[in-house]
Amino acid sequence: MKITNYNLQSAKPNIDVKLAVVADLHTKDPSPVIEALKQIQPDVILSPGDMFENFGGKNTVRNQRGFAFFEQAVKIAPVYYCFGNHEVEAEPCLENPEFSGYRSVPQSVFDRLEALGIHMLFDKYESLTDGILIGGVLSGLYKKDGKPNVAFLDRYSEESGYKILLCHHPEYYPEYLADKKFDLILSGHAHGGQWRIFNRGVYAPGQGLFPKYTSGLHDGKFIISRGCSNNTRPIPCPRFFNPREVLCINIKSK
(Lines give C-alpha, C1' and ligand atoms only; values in the text may rest on other atoms or scores of the structure.)
Protein backbone atom coordinates (compact mmCIF):
# COMPACT_ATOMS: atom_id res chain seq x y z
CA MET A 1 0.00 0.00 0.00
CA LYS A 2 1.54 3.29 -1.11
CA ILE A 3 1.59 6.26 1.27
CA THR A 4 1.20 9.51 -0.68
CA ASN A 5 2.34 12.61 1.22
CA TYR A 6 1.07 16.17 0.91
CA ASN A 7 2.34 19.20 2.82
CA LEU A 8 -0.06 22.14 2.87
CA GLN A 9 0.21 25.60 4.39
CA SER A 10 -2.69 27.60 5.74
CA ALA A 11 -2.99 31.35 6.12
CA LYS A 12 -5.20 30.70 9.14
CA PRO A 13 -3.40 30.73 12.51
CA ASN A 14 -2.67 27.84 14.88
CA ILE A 15 -3.17 25.03 12.37
CA ASP A 16 -0.91 22.02 12.87
CA VAL A 17 -2.45 18.63 12.09
CA LYS A 18 -1.56 15.38 10.37
CA LEU A 19 -4.41 13.70 8.49
CA ALA A 20 -4.63 10.20 7.07
CA VAL A 21 -7.19 9.65 4.30
CA VAL A 22 -8.61 6.19 3.53
CA ALA A 23 -11.15 5.81 0.71
CA ASP A 24 -12.70 3.02 -1.36
CA LEU A 25 -11.75 -0.06 0.61
CA HIS A 26 -14.77 -1.89 -0.88
CA THR A 27 -14.67 -4.70 1.72
CA LYS A 28 -11.14 -5.77 0.80
CA ASP A 29 -8.55 -6.94 3.35
CA PRO A 30 -7.85 -3.93 5.59
CA SER A 31 -4.47 -5.20 6.84
CA PRO A 32 -2.28 -3.22 4.38
CA VAL A 33 -4.24 -0.06 5.16
CA ILE A 34 -3.89 -0.51 8.90
CA GLU A 35 -0.14 -1.05 8.53
CA ALA A 36 0.10 2.18 6.54
CA LEU A 37 -1.84 4.05 9.24
CA LYS A 38 0.47 2.71 11.93
CA GLN A 39 3.40 4.02 9.93
CA ILE A 40 1.79 7.45 9.44
CA GLN A 41 0.60 7.86 13.05
CA PRO A 42 -1.95 10.55 12.14
CA ASP A 43 -3.79 12.87 14.48
CA VAL A 44 -7.05 11.92 12.77
CA ILE A 45 -8.25 9.45 10.12
CA LEU A 46 -10.70 10.65 7.48
CA SER A 47 -12.72 8.46 5.13
CA PRO A 48 -14.76 9.90 2.24
CA GLY A 49 -16.63 6.66 1.63
CA ASP A 50 -17.07 3.32 -0.14
CA MET A 51 -15.62 1.36 2.76
CA PHE A 52 -18.49 -1.14 2.48
CA GLU A 53 -20.65 -2.58 -0.28
CA ASN A 54 -24.44 -2.34 -0.17
CA PHE A 55 -25.71 -4.03 2.95
CA GLY A 56 -27.56 -7.33 3.08
CA GLY A 57 -27.52 -10.58 1.11
CA LYS A 58 -24.21 -11.87 -0.17
CA ASN A 59 -22.36 -8.78 1.05
CA THR A 60 -23.08 -9.46 4.73
CA VAL A 61 -19.93 -11.55 5.19
CA ARG A 62 -17.72 -9.36 3.00
CA ASN A 63 -18.77 -6.23 4.88
CA GLN A 64 -17.24 -7.62 8.06
CA ARG A 65 -13.90 -6.49 6.60
CA GLY A 66 -15.18 -2.92 6.59
CA PHE A 67 -16.13 -3.19 10.23
CA ALA A 68 -12.74 -4.79 10.95
CA PHE A 69 -11.04 -1.76 9.42
CA PHE A 70 -12.91 0.65 11.68
CA GLU A 71 -12.35 -1.53 14.76
CA GLN A 72 -8.60 -1.35 14.21
CA ALA A 73 -8.44 2.23 12.93
CA VAL A 74 -10.01 3.77 16.06
CA LYS A 75 -7.15 2.31 18.08
CA ILE A 76 -4.76 4.50 16.06
CA ALA A 77 -6.64 7.83 15.89
CA PRO A 78 -10.17 9.29 15.90
CA VAL A 79 -12.06 8.39 12.70
CA TYR A 80 -14.39 10.69 10.74
CA TYR A 81 -16.46 9.06 8.00
CA CYS A 82 -19.00 9.97 5.33
CA PHE A 83 -20.76 7.39 3.15
CA GLY A 84 -19.97 6.99 -0.55
CA ASN A 85 -22.35 5.70 -3.20
CA HIS A 86 -21.73 2.01 -2.45
CA GLU A 87 -22.88 2.27 1.16
CA VAL A 88 -26.28 3.61 0.13
CA GLU A 89 -27.07 1.14 -2.64
CA ALA A 90 -29.24 -1.07 -0.43
CA GLU A 91 -32.95 -1.34 -0.93
CA PRO A 92 -34.97 1.49 0.64
CA CYS A 93 -34.97 1.22 4.41
CA LEU A 94 -36.83 3.68 6.60
CA GLU A 95 -35.43 2.46 9.92
CA ASN A 96 -33.30 5.61 10.06
CA PRO A 97 -35.41 8.74 9.40
CA GLU A 98 -32.27 10.70 8.49
CA PHE A 99 -32.14 8.65 5.29
CA SER A 100 -35.81 8.71 4.32
CA GLY A 101 -34.88 10.39 1.05
CA TYR A 102 -32.07 7.97 0.25
CA ARG A 103 -31.68 4.31 -0.40
CA SER A 104 -30.57 3.59 3.10
CA VAL A 105 -28.85 1.09 5.38
CA PRO A 106 -30.13 -0.81 8.41
CA GLN A 107 -30.10 0.95 11.76
CA SER A 108 -27.87 -1.86 13.09
CA VAL A 109 -25.02 -0.58 10.89
CA PHE A 110 -25.26 2.90 12.41
CA ASP A 111 -25.42 1.40 15.90
CA ARG A 112 -22.31 -0.68 15.35
CA LEU A 113 -20.28 2.23 14.00
CA GLU A 114 -21.49 4.54 16.76
CA ALA A 115 -20.47 1.96 19.37
CA LEU A 116 -16.94 2.10 17.96
CA GLY A 117 -16.90 5.88 18.33
CA ILE A 118 -16.86 6.63 14.60
CA HIS A 119 -17.79 10.24 13.82
CA MET A 120 -20.39 9.86 11.05
CA LEU A 121 -20.68 13.07 9.04
CA PHE A 122 -23.84 12.81 6.97
CA ASP A 123 -24.57 16.36 5.79
CA LYS A 124 -23.14 17.76 8.99
CA TYR A 125 -19.88 18.96 10.51
CA GLU A 126 -18.07 18.73 13.83
CA SER A 127 -15.22 20.54 15.53
CA LEU A 128 -11.93 18.67 15.59
CA THR A 129 -10.11 21.41 17.53
CA ASP A 130 -10.90 25.03 18.32
CA GLY A 131 -9.66 26.05 14.86
CA ILE A 132 -10.50 23.04 12.66
CA LEU A 133 -13.89 21.76 11.47
CA ILE A 134 -14.57 18.49 9.63
CA GLY A 135 -17.77 17.94 7.63
CA GLY A 136 -19.19 15.44 5.19
CA VAL A 137 -21.71 15.75 2.37
CA LEU A 138 -23.67 12.72 1.18
CA SER A 139 -24.08 11.50 -2.37
CA GLY A 140 -26.98 12.99 -4.27
CA LEU A 141 -27.33 10.01 -6.59
CA TYR A 142 -30.29 8.60 -4.70
CA LYS A 143 -32.24 11.82 -4.29
CA LYS A 144 -34.93 12.82 -6.76
CA ASP A 145 -32.97 15.86 -7.91
CA GLY A 146 -29.65 13.99 -8.03
CA LYS A 147 -27.84 16.80 -6.23
CA PRO A 148 -25.86 16.90 -2.98
CA ASN A 149 -27.24 18.92 -0.10
CA VAL A 150 -26.44 22.40 -1.40
CA ALA A 151 -28.03 24.13 1.59
CA PHE A 152 -25.68 22.26 3.92
CA LEU A 153 -22.66 23.13 1.76
CA ASP A 154 -23.60 26.81 1.78
CA ARG A 155 -24.10 26.84 5.54
CA TYR A 156 -20.92 24.95 6.37
CA SER A 157 -18.71 26.93 3.99
CA GLU A 158 -19.60 30.15 5.82
CA GLU A 159 -18.37 28.90 9.20
CA SER A 160 -15.17 30.35 10.61
CA GLY A 161 -12.03 28.26 11.08
CA TYR A 162 -10.17 25.79 8.88
CA LYS A 163 -12.91 23.82 7.12
CA ILE A 164 -12.33 20.28 5.82
CA LEU A 165 -15.02 18.61 3.68
CA LEU A 166 -15.38 14.91 2.90
CA CYS A 167 -17.16 14.51 -0.44
CA HIS A 168 -17.00 11.10 -2.08
CA HIS A 169 -17.72 12.34 -5.60
CA PRO A 170 -14.92 14.38 -7.25
CA GLU A 171 -17.25 15.24 -10.14
CA TYR A 172 -19.16 17.49 -7.71
CA TYR A 173 -16.19 19.82 -7.41
CA PRO A 174 -16.64 22.21 -10.38
CA GLU A 175 -20.39 22.73 -9.94
CA TYR A 176 -20.93 22.57 -6.19
CA LEU A 177 -17.62 23.04 -4.37
CA ALA A 178 -15.00 25.06 -6.24
CA ASP A 179 -16.48 28.43 -5.34
CA LYS A 180 -17.22 27.56 -1.70
CA LYS A 181 -15.02 28.73 1.19
CA PHE A 182 -13.60 25.32 2.08
CA ASP A 183 -9.93 25.06 2.97
CA LEU A 184 -9.58 21.37 2.08
CA ILE A 185 -11.87 19.02 0.14
CA LEU A 186 -11.21 15.26 0.10
CA SER A 187 -12.70 12.79 -2.38
CA GLY A 188 -12.31 9.23 -3.66
CA HIS A 189 -14.65 7.34 -6.02
CA ALA A 190 -12.59 7.65 -9.24
CA HIS A 191 -10.04 4.96 -8.29
CA GLY A 192 -7.35 7.04 -9.97
CA GLY A 193 -9.02 6.50 -13.34
CA GLN A 194 -8.36 2.74 -12.93
CA TRP A 195 -5.86 2.61 -15.81
CA ARG A 196 -3.41 5.51 -16.07
CA ILE A 197 -1.74 6.48 -19.35
CA PHE A 198 0.90 9.23 -19.28
CA ASN A 199 -0.18 9.78 -15.66
CA ARG A 200 -3.78 10.44 -16.64
CA GLY A 201 -6.77 8.33 -15.62
CA VAL A 202 -8.69 6.58 -18.38
CA TYR A 203 -12.21 6.45 -16.92
CA ALA A 204 -14.14 7.57 -13.84
CA PRO A 205 -17.85 7.24 -13.01
CA GLY A 206 -19.66 10.52 -13.39
CA GLN A 207 -16.83 11.94 -15.53
CA GLY A 208 -16.41 9.50 -18.42
CA LEU A 209 -13.26 8.96 -20.48
CA PHE A 210 -10.01 10.75 -19.60
CA PRO A 211 -11.56 12.63 -16.70
CA LYS A 212 -9.99 15.63 -15.03
CA TYR A 213 -10.47 14.71 -11.39
CA THR A 214 -9.07 11.27 -10.55
CA SER A 215 -6.00 11.85 -8.39
CA GLY A 216 -3.76 14.41 -6.75
CA LEU A 217 -4.03 18.03 -5.64
CA HIS A 218 -6.14 20.58 -7.54
CA ASP A 219 -6.45 24.32 -6.94
CA GLY A 220 -4.39 24.03 -3.79
CA LYS A 221 -7.37 22.70 -1.79
CA PHE A 222 -8.89 19.65 -3.48
CA ILE A 223 -7.23 16.23 -3.04
CA ILE A 224 -8.50 13.02 -4.60
CA SER A 225 -7.47 9.63 -3.27
CA ARG A 226 -6.89 6.79 -5.73
CA GLY A 227 -8.41 4.48 -3.13
CA CYS A 228 -7.45 1.26 -1.41
CA SER A 229 -8.88 -1.46 -3.68
CA ASN A 230 -9.37 -2.53 -7.26
CA ASN A 231 -12.76 -2.09 -8.86
CA THR A 232 -14.48 -5.47 -9.20
CA ARG A 233 -17.88 -4.48 -10.56
CA PRO A 234 -19.43 -5.02 -13.00
CA ILE A 235 -16.38 -6.98 -14.20
CA PRO A 236 -12.92 -7.39 -12.65
CA CYS A 237 -10.80 -4.42 -13.68
CA PRO A 238 -7.23 -4.42 -12.35
CA ARG A 239 -5.25 -1.20 -12.06
CA PHE A 240 -2.43 -0.32 -14.41
CA PHE A 241 0.26 2.22 -13.40
CA ASN A 242 -2.08 3.18 -10.60
CA PRO A 243 -1.06 1.95 -7.14
CA ARG A 244 -3.53 1.85 -4.27
CA GLU A 245 -2.86 4.55 -1.71
CA VAL A 246 -3.42 5.97 1.73
CA LEU A 247 -2.93 9.73 1.93
CA CYS A 248 -0.88 11.51 4.58
CA ILE A 249 -1.61 15.24 4.68
CA ASN A 250 0.37 17.58 6.93
CA ILE A 251 -1.19 21.01 7.37
CA LYS A 252 0.56 23.86 9.14
CA SER A 253 0.00 27.58 9.46
CA LYS A 254 2.38 29.75 7.47
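Note: the structure precedes this text.
Conventions used here
- Residues numbered from 1 in each chain as written.
- Predicted model: local features only at pLDDT ≥ 70, side-chain atom pairs only at ≥ 80, totals over all residues.
- Heavy atoms only, no water.
- Phe/Tyr/Trp six-rings, centres within 6.5 Å; stacked < 30°, edge-to-face > 60°.
- Helix = DSSP H or I, 4+ residues; strand = E, 2+ residues; numbered from the N terminus.
- Patch = residues over 30% accessible without salt bridge, like charges linked within 9 Å, V, L, I, M, F, W, Y side chains within 5 Å.
- Areas by Shrake-Rupley, 256 points an atom, 1.4 Å probe, with all protein chains shown as cover.
- Salt bridge = Lys/Arg side-chain N within 4 Å of Asp/Glu carboxyl O.
- Buried < 20%, exposed > 50% of the residue type's maximum accessible area, 1.4 Å probe, protein only.
- Core = buried A, V, L, I, M, F, W, Y, C linked by side-chain atoms within 4.5 Å.
- Axes fitted to C-alpha atoms, helices over the stretch in contact; angles between N-to-C directions.
- Parallel < 35°, antiparallel > 145°, perpendicular 65-115°, else oblique.
- Left-handed = near helix turned anticlockwise from the far one by under 90°.
- Contact = heavy atoms within 4.5 Å.

> Quick question: what am I supposed to make of the packing of aromatic side chains here?
In this description, an aromatic ring pair is defined by two values, namely the gap between the centres and the angle between the planes. If you walk through the whole model with that rule in mind, you get 16 aromatic pairs. Aromatic side chains phenylalanine 83 and phenylalanine 110 sit 6.0 Å apart centroid to centroid with 45° between the ring planes, which places their arrangement in the tilted category. Pair noted here: phenylalanine 83 is in the loop between strand 4 (79-81) and helix 4 (107-116) and phenylalanine 110 is in helix 4, with a separation of 27 residues, a long-range link. Chaining the aromatic ring pairs together yields one cluster made of Phe52, Phe67, Phe69, Phe70, Tyr81, Phe83, Phe110 and Phe122.

> Looking at this structure, how should I read a nonpolar patch on the surface?
On the surface, a cluster of nonpolar side chains totalling about 620 Å² of accessible area is made up of Ile197, Phe198, Tyr203, Leu209 and Phe210. For isoleucine 197, the position within the fold is in strand 10 (residues 196-197). Note on isoleucine 197: relative accessible area 42%, which makes it partly exposed.

> Help me understand unusual backbone geometry, please; the structure alone is not making it clear to me.
Note: most peptide bonds trans; most residues except glycine with negative phi. For threonine 27, which is not glycine, the phi dihedral falls at a positive 65°. Position of threonine 27 among the secondary structure elements: in the loop between strand 2 (16-21) and helix 1 (31-40). A residue is classified by how much of its surface remains accessible, and threonine 27, at 2% relative accessible area, is buried. A positive phi is found at histidine 189, a non-glycine position, where the angle reads about 75°. Mapping histidine 189 onto the fold places it in the loop between strand 9 (184-187) and strand 10. Using a relative accessible area of 8% as the deciding quantity, one classes histidine 189 as buried.

> Just to check I follow, could you spell out the environment of phenylalanine 67 for this structure?
Tracing the backbone through its elements, the reader meets phenylalanine 67 in helix 3 (residues 64-73). Residues phenylalanine 67 and leucine 113 lie 46 residues apart in sequence; the distance between their C-alpha atoms is 7.8 Å.

> I tried to follow the nonpolar core on my own but got confused; where do I start?
Generally speaking, soluble globular proteins have nonpolar side chains that are buried together. Of all hydrophobic cores here, the largest spans 54 residues; its most connected members are Leu37, Phe69 and Ile249. One finds Leu133, Leu165, Cys167 and Tyr172 within the second-largest nonpolar core, a separate group that totals 16 residues.

> So what exactly am I meant to see when it comes to the packing of helix 1 against helix 3 here?
Each pair of packed helices gets described by two things: the angle between the helix axes and the distance between those axes. With their axes 10 Å apart at the nearest point, helix 1 and helix 3 run at an angle of 15° to one another. Regarding the angle of helix 1 to helix 3, the classification is roughly parallel. Where helix 1 crosses over helix 3, the handedness of that crossing is right-handed. Only Phe69, Gln72 and Ala73 of helix 3 make contact with helix 1, whose side of the interface consists of Val33, Ile34 and Leu37.

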